[in-house]
Amino acid sequence: MEPSKVPEPFLKPYNPAQQEPKMLALWEKSGYANPDVCIEKGITKADAEPYSIVLPPPNVTGTLHMGHAAMLAIEDILIRYHRMRGYKTLWLPGTDSAAIATQSKVETDIYKAEKKTRHDLGREELMKRIDAFVEESKATIINQTKKMGSSLDWSRYAYTMDDKRYAAVMEAFVRMYDAGLIYRGDRIVNWDPKLQTTVSDDEIEYVEQKDAFYHFKYGPFDIGTVRPETKFGDKYVVMHPDDARYKEYTHGQTIELEWINGPITATIIKDAAADMAFGSGAMTITPAHSGIDFEIASRHKLDIERVIDDRGILLDIAGEFKGQHIKKARPLIVEKLRAKGLIAKVDEGYVHNVATNSRGGGIIEPQIKRQWFIDVNKEVKFPDGTTSLKQKMREAVSSGDTKIMPERFEKIYYHWIDNLRDWCISRQIWFGHRIPAWFKGDEVKVSIESPGDGWVQDEDTLDTWFSSGLWTFSTLGWPEETADLKTYHPTTVLETGYDILFFWVARMILMSTFLRGEVPFKNVYLHGLVRDGQGRKMSKSLGNIIDPLTMIEKYGADAARLSLIIGASMGNDVKLSEDRVRGYKHFANKLWNITRFVLENTEGLTLDDGFDDRNEFDSALREERRATFEEVTKHIDTFRLDLAADKLYHYIWDRFADEIIEDSKRVFKDGSEDEKKRRRMFLLYTLDWILKGLHPFMPFVTEAIWQQLPKKESDLLMVAKWPV
RNA sequence: GGGCGGUUAGCUCAGUUGGUAGAGCAAUCGCUUUACACGCGAAAGGUCACAGGUUCGAGUCCUGUACCGCCCACCA
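Small disclaimer: the values here were computed from a predicted structure and weren't measured.

A. Examining the overall build of chain A more closely. When helices and strands are counted, chain A shows 22 helices and 27 strands. Counting the 724 residues in chain A, one finds 56% classified as buried. For chain A, long-range pairs separated by at least 24 residues make up 75% of all intrachain contacts whose partners lie at least 6 apart in sequence. When the accessible surface of chain A is totalled, it reaches about 31,300 Å², and 49% of it is carbon and sulfur. Each charge class in chain A was averaged separately, 100 positive and 113 negative side chains, and the resulting centres sit 2 Å apart.

B. Spatial organisation of the UniProt feature "domain: Aminoacyl-tRNA synthetase class Ia" (unreviewed entry) in chain A. As recorded in UniProt, the feature "domain: Aminoacyl-tRNA synthetase class Ia" (unreviewed entry) lies at residues 23–446 and 447–577. Helix makes up 33% of residues 23–446 and strand 27%, and the two end C-alpha atoms of the span are 51 Å apart.

C. Molecular detail of the environment of Trp 504. Within the secondary structure layout, Trp 504 lies in helix H15 (residues 501–515). For the pair Trp 504 and Val 334, spaced 170 residues apart in sequence, the C-alpha separation works out to 43 Å.

D. Summary view of the nonpolar core. Core analysis: the biggest nonpolar cluster contains 101 residues, and Met 66, Leu 78, Ile 636, Ile 652, Phe 656 and Phe 697 have the highest contact counts within it. Here this core gets 13 residues from one element, more than from any other, and that element is helix H20 (residues 641–670). With sequence-adjacent residues up to four places away left out, Phe 656 is seen in contact with Ile 594, Val 598, Tyr 651, Ile 661, Phe 682, Leu 683, Thr 686 and Ile 690. Among the nonpolar cores identified, the runner-up in size contains 61 residues, and Ala 396, Trp 416, Val 505 and Phe 521 belong to it.

E. Quick look at the environment of Asp 458. Looking at the element boundaries, Asp 458 is found in the loop between strand E22 (456–457) and strand E23 (461–462). The class of Asp 458 is buried, set by a relative accessible area of 6%. Along the sequence, Asp 458 and Val 174 sit 284 residues apart, while their C-alpha atoms lie 14 Å from each other. Excluding anything up to four places from it in sequence, Asp 458 contacts Trp 372, Arg 434, Ile 435, Ala 437 and Phe 439. A polar side-chain atom of Asp 458 sits 2.8 Å from a polar atom in the side chain of Trp 372. A polar contact is formed between the side chain of Asp 458 and the backbone nitrogen of Asp 460, at a distance of 2.8 Å.

F. The arrangement of the sheet that holds strand E6 (residues 197–199) in detail. If you trace the four strands from one edge of the open sheet to the other, you get E6-E5-E14-E18, paired in antiparallel fashion. Of all strands in the sheet, those with a lone pairing partner are E6 and strand E18 (423–424), marking the two edges. As judged from the ten bridges shared by strand E5 (residues 182–192) and strand E14 (residues 365–374), these two strands associate in the antiparallel manner. Among the inter-strand pairings, Ile 188 is bridged to a residue of E14, identified as Ile 368.

G. Representation of the protein's contact with RNA strand B within the structure. Close to RNA strand B lie 44 residues; Asp 275, Met 283, Ile 292, Lys 575 and Trp 653 are nearest. Taking all atoms of RNA strand B within 4 Å of the protein, the share assigned to sugar and phosphate is 60%. Backbone polar atom of Gly 224 to a sugar or linking oxygen of RNA strand B: 3.3 Å apart, as the coordinates give it. In this structure, a phosphate oxygen belonging to RNA strand B sits 3.2 Å away from a side-chain N or O atom of Asp 658. Listed by contribution, the elements that provide at least two residues to the surface near RNA strand B are strand E13 (343–357), helix H11 (408–418), helix H18 (578–601) and H20. At eleven residues, H18 tops the list of elements feeding residues into the surface near RNA strand B. Tallied by class, residues from the surface near RNA strand B come to 14 nonpolar, 14 polar and 16 charged.

H. Layout of the pairing of E5. Two elements, E5 and E6, share three bridges in a ladder whose sense is antiparallel. Bridge pairing in E6 links Asn 190 to Val 199.

I. Summary view of the packing of aromatic side chains. This model, assessed by the stated rule, comprises 33 aromatic pairs. For the pair Tyr 584 and Tyr 649, a centre-to-centre distance of 5.7 Å together with 80° between the ring planes defines the contact as edge-to-face. Within this pair, whereas Tyr 584 is found in helix H18, its partner Tyr 649 is found in helix H20, the two being separated by 65 residues in sequence. Across the pair, Tyr 649 and Tyr 584 agree in class, each one buried. Taking 5.7 Å as the distance between ring centres and 40° as the angle between the ring planes, the aromatic pair formed by Tyr 649 and Trp 653 counts as tilted. You can see Tyr 649 and its partner Trp 653 sitting in helix H20, four residues apart, about one turn around the helix.

J. Looking closely at unusual backbone geometry. In this structure, the amide linkage connecting Met 405 to the following residue, Pro 406, adopts the cis form with an omega of -5°. Looking at the secondary structure, you find Pro 406 in the loop between strand E17 (403–405) and H11. Trp 478 connects to Pro 479 through a cis peptide bond whose omega is 10°. Its location among the elements puts Pro 479 in the loop between helix H13 (471–474) and helix H14 (483–488).

K. Quick look at the packing of helix H4 (residues 99–114) against helix H6 (residues 123–147). For the pair H4 and H6, interaxial distance at closest approach is 10 Å and the crossing angle is 105°. One finds that H4 runs roughly perpendicular with respect to H6. On the side of H4, the interface is formed by Thr 102, Gln 103, Lys 105, Val 106, Glu 107, Asp 109, Ile 110 and Glu 114, while H6 contributes Leu 126, Arg 129, Ile 130, Phe 133 and Val 134. For the contact of H4 with H6, the per-class residue count stands at six nonpolar, two polar and five charged.

L. Inspection of the pairing of strand E10 (residues 254–259) at higher detail. The side-chain alternation of E10 yields one buried face, formed by Ile 255, Leu 257 and Trp 259, and one unburied face, formed by Thr 254, Glu 256 and Glu 258. Between the end of E10 and the start of strand E11 (residues 262–270), which pair antiparallel, lie two residues.

M. Examining the sheet that holds E22 more closely. Strands sit in the order E21-E20-E22 across an open sheet of three strands; the sheet is antiparallel. Taken across any chain shown, the strands that pair with only one partner, and hence form the sheet edges, are strand E21 (443–446) and E22. Bridging between strand E20 (residues 437–440) and E22 involves two bridges; their strand directions are antiparallel. Opposite Phe 439, over in E22, you have Val 456 as the bridge partner.

N. Broad picture of the packing of helix H1 (residues 16–30) against helix H22 (residues 699–708). At a minimum axis distance of 9 Å, the contact between H1 and H22 shows a crossing angle of 80°. Considering the angle they form, H1 stands roughly perpendicular to H22. When H1 is examined against H22, the residues Gln 19, Glu 20, Met 23, Leu 24, Leu 26 and Trp 27 are found in contact with a partner set consisting of Pro 699, Phe 700, Glu 703, Ala 704 and Gln 707.

O. Layout of helix H21 (residues 673–694). Over its 22 residues, H21 runs 31 Å from end to end, which matches the ideal 32 Å to within 8%, given 1.5 Å per residue. In terms of burial, H21 is a largely internal element, 16 of the 22 residues being buried.

P. A look at the pattern of salt bridges. Evaluated as defined, the whole model comprises 57 salt bridges. Counted as one network, the salt bridges with shared partners bring together Asp 211, Arg 227, Glu 229, Arg 330 and Glu 365.

Q. View of helix H17 (residues 557–565). H17 sits mainly inside the fold: nine of its nine residues count as buried. For H17, the set of buried residues is Ala 557, Asp 558, Ala 559, Ala 560, Arg 561, Leu 562, Ser 563, Leu 564 and Ile 565.

Analysis parameters
- Residues numbered from 1 in each chain as written.
- Chains lettered and ligands numbered in written order.
- Predicted model: local features only at pLDDT ≥ 70, side-chain atom pairs only at ≥ 80, totals over all residues.
- Heavy atoms only, no water.
- Helix = DSSP H or I, 4+ residues; strand = E, 2+ residues; numbered from the N terminus.
- Buried < 20%, exposed > 50% of the residue type's maximum accessible area, 1.4 Å probe, protein only.
- Contact = heavy atoms within 4.5 Å.
- Areas by Shrake-Rupley, 256 points an atom, 1.4 Å probe, with all protein chains shown as cover.
- Lys, Arg positive; Asp, Glu negative; His and termini not counted.
- Charge placed at Lys NZ, Arg CZ, Asp CG, Glu CD.
- UniProt positions renumbered as here; feature names shortened; annotations may be inferred.
- Core = buried A, V, L, I, M, F, W, Y, C linked by side-chain atoms within 4.5 Å.
- Polar contact = N/O pair within 3.5 Å; in protein donor to acceptor, adjacent residues only side chain to side chain.
- Pairing = 2+ DSSP bridges.
- Near = heavy atom within 4 Å.
- Nonpolar A, V, L, I, M, F, W, Y, C, P; charged D, E, K, R; others polar.
- Phe/Tyr/Trp six-rings, centres within 6.5 Å; stacked < 30°, edge-to-face > 60°.
- Axes fitted to C-alpha atoms, helices over the stretch in contact; angles between N-to-C directions.
- Parallel < 35°, antiparallel > 145°, perpendicular 65-115°, else oblique.
- Expected span 1.5 Å × (residues − 1).
- Salt bridge = Lys/Arg side-chain N within 4 Å of Asp/Glu carboxyl O.

Okay, structure coming up:
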């Protein structure tokens, strides 16, 4: 007896764990993720329109979480779809060194194991340890990324700290310095006493905190503060010029008064920065440890004296409190002021914001430091005219060259730019791109190579976002004018979470507009954060983390992907529960069984078996199918992947399986021979369409089915033609 | 203090130029129907946050209110 033509695997439920590794191997072997291979094999036309996405590089030291999974799913859908549509499609992978995060992780590990600090080890040894750690953990994230089915071109893989990217960073720094966009200056910066480094404004996270609010008697004035420990050097009292309460005081007038450590001479300063509505309207200033105070002091050329050192220890100016840590000193200082009768009032439980370093650091202490900055307001020569970085960043979006989706984020972007101040790019950590600046006495030179004997390189490294800002073009070979750069830049889409709009998206626009004279990407697609079923952030402490790898093992990568796509509208957070993932596993199995039915009923037939689409019996069915797929196509083209996937899901399950297949059973039983034949062809054709249409969303199960088909247009579904 | 988003079935969410409410999951009832129990069929479930307004007609547009969430901001 002739064996059944239905391939054996279909006799059992779909088993993703068994099929997925095989499909991965097939894809990898084909090399089709590399557009050059597709051109070589005649799959893509050499002059086809390019479509490119550069993968937001995950941190080398991390593991894959649902946020990555969502990102990979969305980008892979866009990539696979465009590849099938014949675009010259490139999805470029990479990993990020994540300077501060990585170094502090390694330092913590070393301290735990050996009770040694980085200073015990020295720069060279620490770097060796970090490199070893990075090498080891890099493989993890890369491996996990592959498991999602991501059709990335690994032949173009880049790492932020590899030689090419390092060279690009150096080149960028020197060019920006030569253009006058990078300068070195003494300014108030955000100092993290715990990590012993500066951090940028964007890395600050304000945490609400309750503290006592003290009203001190400062001569005749009532001045308020939550930080008595900064007040030692306060010798200026500032009030608004229009404040009627202080009419009798004149700018520059001096007053003798009793202060923490004895009598001092205070000077009256009239400045509009003082808020008449707040407290008494009078305030003293601590220019060395407050941004606004520093500005006031600079405006009036006042003395600036440090009170607190880099580790939070009080300096000489604190007199008897010298050498104490600010945290311990505060109550003692309050006690002394109380004893001297200088406390007017104490408001307990005053709620205010405290600046912390969001990268796992400590409470920020503003300090005046000599650092490297990018000037965002300076007018310089761009490839296309003279303007400022700020202006350029604004124009990139307002001109429409870069489109941000969802659109509401454009407003947020503009608002951020309007408030943007010079970007402090130097860090006092060791792991990162070393600043190409050289010192000899008071002389400073900026160059990639050492200027010669006696020149010592700057110890500092660059903010990790400096190198990330170059990512769209450093990965394509810049500063060399490579073929890739010409073909794929500006990239088509930058897809990432809305939480790094400022950190990264804005910085890429900054770098690309200056260094390339073009935007880094034409579209920015922002996805939401993945939260748990109740909308909470996933975190270890809540124990509500859904691990993508566990989901892949239990339900398959296709199900994991779909659960992150359907019901996830652009820019909105996704609430994910395991039930949803399970639901889509069932869908994969449904597809599997649909195939079984179709194959069982179309034995011996193939698509080119003398029937073309127009010969099919029921034109209404064909029209419906065409309309459905056109709609799916339109949704993908407008980045509504959720609607596209939803549309396919319901067409396949509710319409095709539940109605058309059911009706076909009647046809096959009672219909005429002609009717049967036409229905068979319709089923076969529709299966073909479904597999192609669903492939970007569920690449594994569709490819696994494709591989079992008796005759097909291409060896891999991955490079089959999109049906409409 | 500014700005943004959300409020639709028990839960999570769709609803694309305004035309008598939809899906998934859960819950109910019935099905070993020869593709699939990871299934099929049936039934149930909502004053679309609230109050006004525009309109023949509003979940959909306008105004305001409430609550939830997020982002930004140098109020000492």
